[in-house]
Amino acid sequence: MKVPFFRPSITEDEIDEVVATLRSGWLTTGPRTKDFEAAFARYVGAKHAIALNSCTAALHLALDAVGVGRGDAVLVPTMTFAATAEVVRYFDATPVMVDCDARTLCIDVEAARATVLALRTGRPVAGLRPPYGPLRAIIPMHYGGQMVDVAGVRALAAEFGLAVIDDAAHTLPAFYREHARATWRAAGTCADITCFSFYANKCITTGEGGMVVTDDDERAARMRLMSLHGLSKDAWKRFTAEGSWYYEIAAPGFKYNLTDIASAIGLHQLRRADELWRARRMLVAQYREALAGLPGLELPEELPDRQHSWHLFAVRLDLDVWRSGRNAFIDGLKQRGIGASVHWMPLHLHPYYRETYGLGPGLFPVAEAAWPRLVSLPLFPGMLTEDVRAVADAIRGMEVALGSRNH
Ligand SMILES: *Cc1c(COP(=O)(O)O)cnc(C)c1O
């Protein structure tokens, strides 16, 4: 590969801290994880941060903390990753899918409102068969790193008594403001509970890992309890000098704690989060220049009242120009040594959701129109200007080969 889709940015600081952790004799959740949590809470401006072994775990604990139960309904975008909806199924609850906004590809708040109103008045809702329980929550996801219409989501949630759980797997950092004179709000402060991912290709990484943040004391306590087998307070300390061997099981919890080895990486990644963000923003500016004038490419737009994290640089192909289609476009890039990916095939088109809920093509036109056109180009902090140029050159080289228009 000349330019891979992604390569994590790891410095000697992360490596030294991991080695120091290995030498310290304390490998699992411990002092480094506590430091990572405190630093993360400060960074996003949230009261509580709980380090977990994935964002999926964070979403699961968040739904538990807001009281989702069997048969309940939870609004999720169809244009998202598997995790956003599967966690709803963990409770034997129903993920109620909603189409996305054509500009941002985040959940369409008006479409969500229409779904809620249909549900309230007993009109049919795709994928929902009576009898169903109450609608408890909405899980907006900030596509590619640009935040959803936060004010719209909050208004909807307030009107219908929904908990807002942000799938912020893509947004570290990212900001939103309601209008030009409003103050910027960071991802992590815009929902009741916010879930971050430190998977290998996310904005910062611990290899695998996640963080759940909230300002709510009670929900934070519940999530901390459930993250480690439902064991009573500070059970992670039970093998330390200050801890006690004694604990009580308060609930049948999960095994979601983050190791100190992972937190050792996270501490330094977090310190570098702004630097990594700057690098991604600079590369996006270079992409805009390098791709200008290439036919049939719709570049991602940054809305005026958003600060994009640029986790993804997802372009949309004009299929009248790229007549061989998106898959051929990606194959063509691959042949030229360029990695690419697709985020995502909408959830309602996947076999599980089709078979379980009778979903399928025709239900969510915006997501369905976008997905055959989507290509995520390589974007990672260690990319060089010449890598950006190599991607643009590869696309230029494919213009003729893939039946793009003749000049
Ligand atoms: C990566 C991702 C997740 C899952 O994160 P993990 O840390 O791998 O569990 C959830 N939602 C979205 C939108 C993601 O991209």
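Everything quoted here is computed from the prediction, not taken from an experiment.

Colleague: What should I look at first to understand the sheet that holds strand β10 (residues 297-298) in this one?
Modeller: Two orientations exist for strands paired in a sheet by backbone hydrogen bonds: parallel and antiparallel. Taken together, 3 strands build an open sheet; the order of strands is β10-β12-β13 and the sheet is antiparallel. Lying at the two open borders of the sheet, with one neighbouring strand each, are β10 and β13 (374-377). Pairing geometry for strand β12 (residues 313-317) and β13, over 4 bridges, is antiparallel. Its bridge partner lying in β13, Arg-316 is registered against Leu-374.

Colleague: Where do I start with helix α5 (residues 109-120) in this structure?
Modeller: The periodicity of an α-helix, 3.6 residues per turn, causes residues three or four positions apart to be oriented the same way. With 12 residues, α5 extends 16 Å from end C-alpha to end C-alpha; this agrees with the ideal 16 Å at 1.5 Å per step. Among the residues making up α5, those that are buried are Val-109, Ala-112, Arg-113, Thr-115, Val-116, Ala-118 and Leu-119. Residue Asp-108 occupies the N-cap position of α5, its side-chain oxygen lying 2.9 Å from the main-chain nitrogen of Glu-110. Following α5 by one or two positions, Gly-122 adopts a phi angle in the positive range, close to 75°.

Colleague: Sorry, what's going on with the domain arrangement of the protein chain here?
Modeller: The domains assigned to the protein chain are domain 1 (12-272) and domain 2 (274-406). Of the roughly 3,800 Å² buried where domain 1 meets domain 2, counting both sides, 56% is carbon and sulfur surface. On the surface where domain 1 and domain 2 come into contact, there are 3 salt bridges. At the boundary of domain 1 with domain 2, the tally comes to 27 residue pairs in polar contact (both at pLDDT 80 or more). Only α4 (82-89), β3 (94-98) and β6 (175-176) provide two or more residues apiece to the side of domain 1 that touches domain 2. Partitioning the side of domain 1 that touches domain 2 into residue classes produces 27 nonpolar, 13 polar and 11 charged.

Colleague: Quick question: what am I supposed to make of helix α3 (residues 55-65) here?
Modeller: Most of α3 sits inside the fold, with 11 of its 11 residues counted as buried. Turning to α3, its buried residues number three or more, namely Cys-55, Thr-56, Ala-57, Ala-58, Leu-59, His-60, Leu-61, Ala-62, Leu-63, Asp-64 and Ala-65.

Colleague: In this structure, what is going on with the packing of α3 against helix α7 (residues 217-227)? I would like to understand it.
Modeller: Any two packed helices are characterised by how steeply their axes cross, that is the angle between the axes, and by the distance between the axes. Where α3 contacts α7, the axes come no closer than 9 Å and their chain directions differ by 125°. By the angle class used here, α3 and α7 are oblique. For α3 against α7, the interelement crossing comes out right-handed. Two secondary-structure elements touch here, α3 through Leu-61, Ala-62, Asp-64 and Ala-65 and α7 through Arg-219, Arg-222, Met-223, Met-226 and Ser-227. In terms of residue class, the contact of α3 with α7 is made up of 5 nonpolar, 1 polar and 3 charged.

What counts as what
Residues numbered from 1 in each chain as written. Predicted model: local features only at pLDDT ≥ 70, side-chain atom pairs only at ≥ 80, totals over all residues. Heavy atoms only, no water. Pairing = 2+ DSSP bridges. Helix = DSSP H or I, 4+ residues; strand = E, 2+ residues; numbered from the N terminus. Expected span 1.5 Å × (residues − 1). Buried < 20%, exposed > 50% of the residue type's maximum accessible area, 1.4 Å probe, protein only. Polar contact = N/O pair within 3.5 Å; in protein donor to acceptor, adjacent residues only side chain to side chain. Domains from an automatic or database assignment. Buried area = accessible area lost by both parts, 1.4 Å probe. Salt bridge = Lys/Arg side-chain N within 4 Å of Asp/Glu carboxyl O. Nonpolar A, V, L, I, M, F, W, Y, C, P; charged D, E, K, R; others polar. Axes fitted to C-alpha atoms, helices over the stretch in contact; angles between N-to-C directions. Parallel < 35°, antiparallel > 145°, perpendicular 65-115°, else oblique. Left-handed = near helix turned anticlockwise from the far one by under 90°. Contact = heavy atoms within 4.5 Å.

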